[in-house]
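Examination of the molecular architecture
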Amino acid sequence: MAGGRTVNGLPETMALAAWFAWIAGAVLSGGALVWIWNCGDPARPDRVPLAIASATGCAACTLFAGLGPDHVTGTLAIMARNLALIAAIFFMFSADGRAASLKPIRPVIITLVMVQLCQLPVLGLELRGAGFPAIARAAFEVRMLIDMLMAIGALMLLHNLYAGAATGSRYILRWSVIALSGIFAYDLNLATIAYLGGDYPGLLRDGRGVFAGVMGVLFALGISPAGPRVQFSPSRAVTFRTLSLVLIGVYLALMVVVAKSLPLVGGDFARTSQIAFIALAAAAAIAVLPSPRMRGWLRVTATKHLFQHRYDYREEWLRFTRTIGHGGAGGASLEGRAVKALADITESPAGLLLMPNEEAQLELTARWNWPTIAVPAAAAEHGLAGLLEQHNLIIALDEVRGGIDHQGETAHLPEWLVEAEDAWALVPLIHFDRLVGVIILARPRIERRLDWEDFDLLRVVGQQLASYLSEQAGQQALMDASRFDDFNRRMAFVMHDIKNLASQLSLLASNAQKHADNPDFRADMLVTLRNSADKLAALLARLGRYGASPSHELVSIDLAQLARKIAERFRPVHPVMLTREDSVEVMGDPEALEQTLVHLVQNAVDASGPGMPVCLDVTTQGLNGMIDVIDTGCGMSPEFVRSGLFKPFVSSKSGGFGIGAFEARELVKTMGGRVAVESREGLGTRFSVVLPLSDAARLIGRATQSDDPTSREVA
């Protein structure tokens with residue numbers, strides 16, 4: 001080869017490359033033969049035919065490398081290889097356990113063998129007619145037709161073999177079928193191009209050996225007992241980075257091809273177009289490649305088509321643990337971290353946490369990256385909480401909007417949630433069959449539907465988050481109990497001291513009255529001392545009433561009259577207005593109710609700026625009377641309303657004791673009522689005190705007495 005410029009009609013370098021390709025094919029086929037013979041599964045009936053095919057393939061590549069790609073001995077070796085491969089396909093049918101289906105397969109196998117053997121006389125005719133171009137050309141075309149028929153028939157058999165195989169058998173046959181299909185598909189293309197062109201294409205002909213060798217390695221792996229378990233499992237990070245590099249490479253290649261093609265047009269227009277194309281392509285790359293939407297689309301597409309599972313569970317668990325465990329000073333609350341941890345799993349950009357209140361209504365507790373959505377004070381009624389608790393149902397809100405109803409959830413979903421187009425999914429947090437909370441996820445940047453893998457993972461993560469939130473609530477309850485115990489001990493000492501002081505002042509007043517020298521002075525002193533004693537006694541009575549059952553009977557109270565009295569009391573220090581004052585009479589303790597309203601109005605005054613009025617609104621709501629205390633002050637966050645407002649010893653005011661709101665709610669509860677609050681930061685707060693109407697309370701009391709068997713016996 002070194003002495004001439006061409007070898008077999010090819011340039012010397014091309015001929016050398018072709019020779020190396022045939023040698024590489026021989027080495028690969030020989031290696032496949034050794035592997036099949038030493039490591040192949042002895043129970044596989046196709047082991048021997050595949051070994052023969054590897055041996056004849058190795059021989060063909062060696063002959064073509066030594067004698068040239070057109071030598072007849074190499075062609076005969078290829079024919080022997082094809083016959084061995086057809087035999088391997090036949091034995092694969094029997095290995096799949098479909099012996100009954102071999103009867104219709106046998107005629108096809110025999111036909112293919114006969115077609116392949118017909119090539120012998122045609123090849124002989126081609127050799128004898130080498131001096132007659134017409135005969136040689138006709139014989140060559142017939143040989144190519146025979147090769148095409150062989151390849152088509154083998155591919156049909158392989159398709160039927162794999163399509164009709166059982167799931168377990170497909171796993172075993174997969175590598176062998178892929179390798180055989182590759183060999184015959186290559187031969188089909190080679191024969192077709194040669195038939196149409198009148199001769200073998202040099203590049204495809206010379207690459208035939210190395211390609212067949214690679215396919216031989218594949219079916220050698222497939223026939224090994226360990227072969228089906230050999231899988232390439234790259235990490236997702238490596239896959240995404242590789243895909244990014246591939247896209248960049250394709251982009252650069254496209255730029256080079258177009259930029260090199262434009263000058264072929266010629267002229268100034270071509271140069272201008274070349275510059276414009278490069279500028280536009282660079283601008284497009286700058287705009288598209290860093291885009292989060294582009295990266296998200298690439299991630300979703302790669303995950304869908306390259307991996308068996310959507311999620312990398314190890315990475316998801318590590319990220320979930322980092323998010324939940326990242327607390328400390330200045331960090332987000334556990335509730336906010338819980339929302340983020342669940343949202344990160346589905347690539348959701350925002351989320352809300354709703355938790356049930358004492359009446360099983362769902363209230364907003366925390367929000368993450370979602371400041372724009374407006375959530376009512378009662379975000380959802382108890383029906384939705386009960387449904388989620390009973391079925392542990394994850395709701396895809398797009399299905400609800402499309403009219404799909406699985407467990408009757410459509411009737412319980414609040415209107416604001418259905419109308420919020422950004423709301424995507426609703427995930428319940430269940431702990432020991434009890435609903436701890438509900439997380440609402442925003443729609444991901446890349447649109448997709450929730451599937452079974454999403455449901456399974458979100459349900460498990462929801463249970464884990466529920467356990468964390470429940471544990472925090474339990475710890476908070478223990479801390480509150482400990483603080484209450486300390487508070488009660490302190491109050492016992494305070495009550496003892498105040499009681500002694502009240503006794504001493506009373507004794508002093510009695511002695512001063514007996515020994516007064518100046519009647520007028522002593523009279524004033526007596527009045528002062530008695531007033532102090534009365535105040536201390538009242539304070540003592542109030543302190544003794546904390547935590548105990550009401551000592552006074554409930555009487556009828558005119559809410560409008562009480563509201564006017566409180567407004568008049570605060571008018572010298574701050575404007576307090578009555579927006580409505582319906583005639584409403586409720587049942588309650590006048591002293592306790594007045595104390596509650598004074599505290600709520602004082603809080604509203606403290607939260608409002610100078611001159612900003614506080615409004616009192618007295619109305620009727622069904623069988624209840626209601627008085628609202630409304631301010632337009634700084635408002636409170638949902639997190640504080642949920643976890644701090646009614647918690648003792650937690651205050652938003654510097655120097656506050658944090659027991660006022662708790663005391664107010666407890667006093668109203670002892671009267672059979674409730675306190676509700678609705679607040680928005682920067683807009684203001686509304687406290688609602690709801691008590692039963694006097695007439696309704698009397699009717700209920702009479703009905704209770706009539707149902708009491710003891711009262712009937714006394715009558």
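A few points on the structure. Within any chain, residue numbers begin from 1 and follow the written order of that chain's sequence. Since the coordinates come from a predicted model, pLDDT governs what is reported: local features require at least 70, and pairs of side-chain atoms require 80 or more to be given and counted, while whole-chain, interface and lining totals use all residues. The side-chain numbers reported here are obtained from all heavy atoms of the structure, hydrogens and water having been left aside.

**A look at the packing of aromatic side chains**
To pair, rings of Phe, Tyr and Trp, with the six-membered ring standing in for Trp, must have centres within 6.5 Å; the planes then decide the type, stacked if under 30 degrees apart, edge-to-face if over 60, and tilted in the middle. Taken as a whole and judged by the stated rule, the model has 6 aromatic pairs. A ring pair is formed by W19 and F20, whose centres lie 5.1 Å apart and whose planes are at 70°; its orientation type is edge-to-face. Cluster of aromatic residues (ring-pair linked, three or more members): W317, F320 and Y468. Throughout this description, the term charge over a ring refers to an Arg CZ or Lys NZ atom that lies within 6 Å of the ring centre and within 35 degrees of the ring normal. One residue, R47, lies across the ring of W37, its end atom 4.9 Å from the ring centre.

**Description of helix α20 (residues 559–570)**
Numbering of helices and strands runs from the N terminus; a helix is a DSSP stretch of H or I covering at least four residues, while a strand is a stretch of E covering at least two. A helix is expected to span 1.5 Å multiplied by its residue count minus one. Between its first and last C-alpha atoms α20 spans 17 Å; for 12 residues at 1.5 Å apiece the expected length is 16 Å, and the two agree. Between buried and exposed lies partly exposed: a residue is buried under 20% and exposed over 50% of the maximum accessible area for its type, with that area taken using a 1.4 Å probe on protein chains only. Regarding α20, the residues found buried are L559, A560, L562, A563, I566, A567 and F570. Projected down its long axis, α20 carries its buried residues within an arc of 160°, all on one side. Away from its buried face, by an angle of more than 90 degrees, α20 presents the exposed residues Q561 and R569. Residues of α20 that are buried make contact with β8 (555–558), β9 (576–581), β10 (585–588), α21 (590–607), β11 (614–621) and β12 (624–631). Taking the backbone nitrogen of A560 as reference, a side-chain oxygen 3.1 Å away marks D558 as the first, capping residue of α20. Working note: the arc is built from the helix axis to C-beta atom directions. In what follows, a contact means two residues having at least one pair of non-hydrogen atoms within 4.5 Å. For the purposes of these results, a polar contact is taken to be a pair of N or O atoms within 3.5 Å, where, inside protein, one atom must be able to donate a hydrogen and its partner to accept one; residues adjacent in sequence count only when each atom of the pair is a side-chain atom.

**Section: the state of the cysteines**
By convention in this document, the label disulfide applies to cysteine sulfur atom pairs within 2.5 Å. All told, the structure shown has 0 disulfides when counted by the stated rule. Cysteine C61 remains unbridged, with the sulfur of C58 as its closest cysteine sulfur at 7.1 Å.

**A look at the pattern of salt bridges**
Here, a salt bridge means any Lys or Arg side-chain nitrogen found within 4 Å of an Asp or Glu carboxyl oxygen. In this structure the tally under the stated criterion is 18 salt bridges. Among the ionic pairs, E316 bridges to R319, the shortest N-O distance being 2.8 Å. In this pair, E316 and R319 both sit in helix α13 (residues 313–325), 3 residues apart, roughly one turn of the helix. Of the residues examined, R319 reaches a relative accessible area of 25% and is grouped as partly exposed. The salt bridge partner of E359 is R674, with a shortest N-O separation of 3.7 Å. Separated by 315 residues along the polypeptide, E359 in the loop between β3 (351–356) and β4 (362–368) and R674 in strand β13 (residues 674–680) bring together distant segments of the chain. With a relative accessible area of 42%, E359 lands in the partly exposed category. Look at R674 and you get partly exposed, because its relative accessible area is 34%. Each of the salt bridges in this network shares a partner with another, and the network as a whole consists of R81, D187 and R208.

**Observations concerning the packing of α21 against helix α23 (residues 660–670)**
Each pair of packed helices gets described by two things: the angle between the helix axes and the distance between those axes. Only the stretch in contact is used when fitting a helix axis, every axis being a line fitted to C-alpha atoms; angles between N-to-C directions are given from 0 to 180 degrees. Relative orientation of the contacting elements α21 and α23 amounts to 145°, with a least axis distance of 9 Å. Seen along the crossing, α21 lies across α23 with a hand that is left-handed. Seen from α21, the contacting residues are A592, Q595, T596 and H599; seen from α23, they are G660, A661, E663, A664, L667 and V668. Working rule for handedness: look at the near helix, and if it is turned counterclockwise from the far one by less than a right angle, call the crossing left-handed; if clockwise, right-handed.

**A short note on the side chain of E409**
The topology assignment puts E409 in the loop between α16 (397–401) and α17 (415–419). Salt bridges are absent for the buried E409, whose nearest opposite-charge side chain, R459, sits at 11 Å. In contact with E409, not counting residues within four places along its chain, are L387, L393, I395, V400 and I404. We count Lys and Arg on the positive side and Asp and Glu on the negative side, and we leave His and both chain ends out.

**Some remarks on the sheet that holds β11**
A sheet is described by the order of its strands in space; here 5 strands give the open sequence β9-β11-β12-β14-β13, paired in mixed fashion. Each edge of the sheet is formed by a strand with only one pairing partner; in this case those strands are β9 and β13. Averaged over all pairs of adjacent strands, the angle between strand axes in this sheet comes to 15°, irrespective of strand direction. Running at roughly 25° to β12, α21 makes contact with β9, β11, β12 and β14 (684–692) of the sheet. The strands touched by α23 within the sheet are β13 and β14, with β13 carrying the most contacts at an inclination of about 140°. Paired strands are those between which DSSP finds at least two bridges.

**Some thoughts on the sheet that holds β3**
If you walk across this open sheet you meet the 5 strands as β4-β3-β7-β6-β5, and the pairing is antiparallel. Whereas interior strands pair on both sides, the edge strands pair on one side only; in this sheet they are β4 and β5 (395–396). Across 2 bridges, the pairing between β5 and strand β6 (residues 423–431) is antiparallel. By the bridge assignment, A396 is partnered in β6 with A425. Contacts between helix α14 (residues 334–345) and the sheet are confined to β3, β4, β6 and β7 (434–442), with β4 contributing the most and set at about 70° to the helix.

**Structural notes on the environment of V573**
With respect to the secondary-structure elements, V573 resides in the loop between α20 and β9. Along the sequence, V573 and V605 sit 32 residues apart, while their C-alpha atoms lie 9.2 Å from each other.

**With respect to empty space enclosed by the protein**
The way it works is a 1 Å grid over only the protein atoms, where trapped points that fit a 1.4 Å probe form a cavity and open points with protein on both sides within 12 Å along at least five of seven lines form a pocket, and then any residue with an atom within 4 Å of a point lines it. Grid points are joined across faces, edges and corners, and a volume is the space filled by probe spheres set on the points. Taken as a whole, this structure holds 2 cavities of 30 Å³ or more when the rule is applied. Its boundaries defined by the atoms lining it, the largest cavity holds a volume of some 110 Å³. Along the wall of the largest cavity there are 16 residues; nearest its centre are S29, A53, G57, R81 and A212. Sorting the residues of the lining of the largest cavity by element identifies α1 (12–39), α2 (47–67), α3 (72–95) and α9 (208–223) as the ones contributing at least two each. Looking at the lining of the largest cavity, its residues break down into 8 nonpolar, 6 polar and 2 charged. Computed from the structure, the second largest cavity encloses a volume of approximately 40 Å³. Counting residues per element, the ones that place at least two in the lining of the second largest cavity are α6 (133–163) and α7 (167–197). Looking at the lining of the second largest cavity, the element that brings in the most residues is α7, giving 3 residues. Following the grouping adopted for this structure description, the nonpolar residues are Ala, Val, Leu, Ile, Met, Phe, Trp, Tyr, Cys and Pro, the charged ones are Asp, Glu, Lys and Arg, and the polar ones are all others, Gly among them. Residues of the lining of the second largest cavity, tallied by class, amount to 4 nonpolar, no polar and 3 charged.

No statement about biological role is implied by the geometric values presented.
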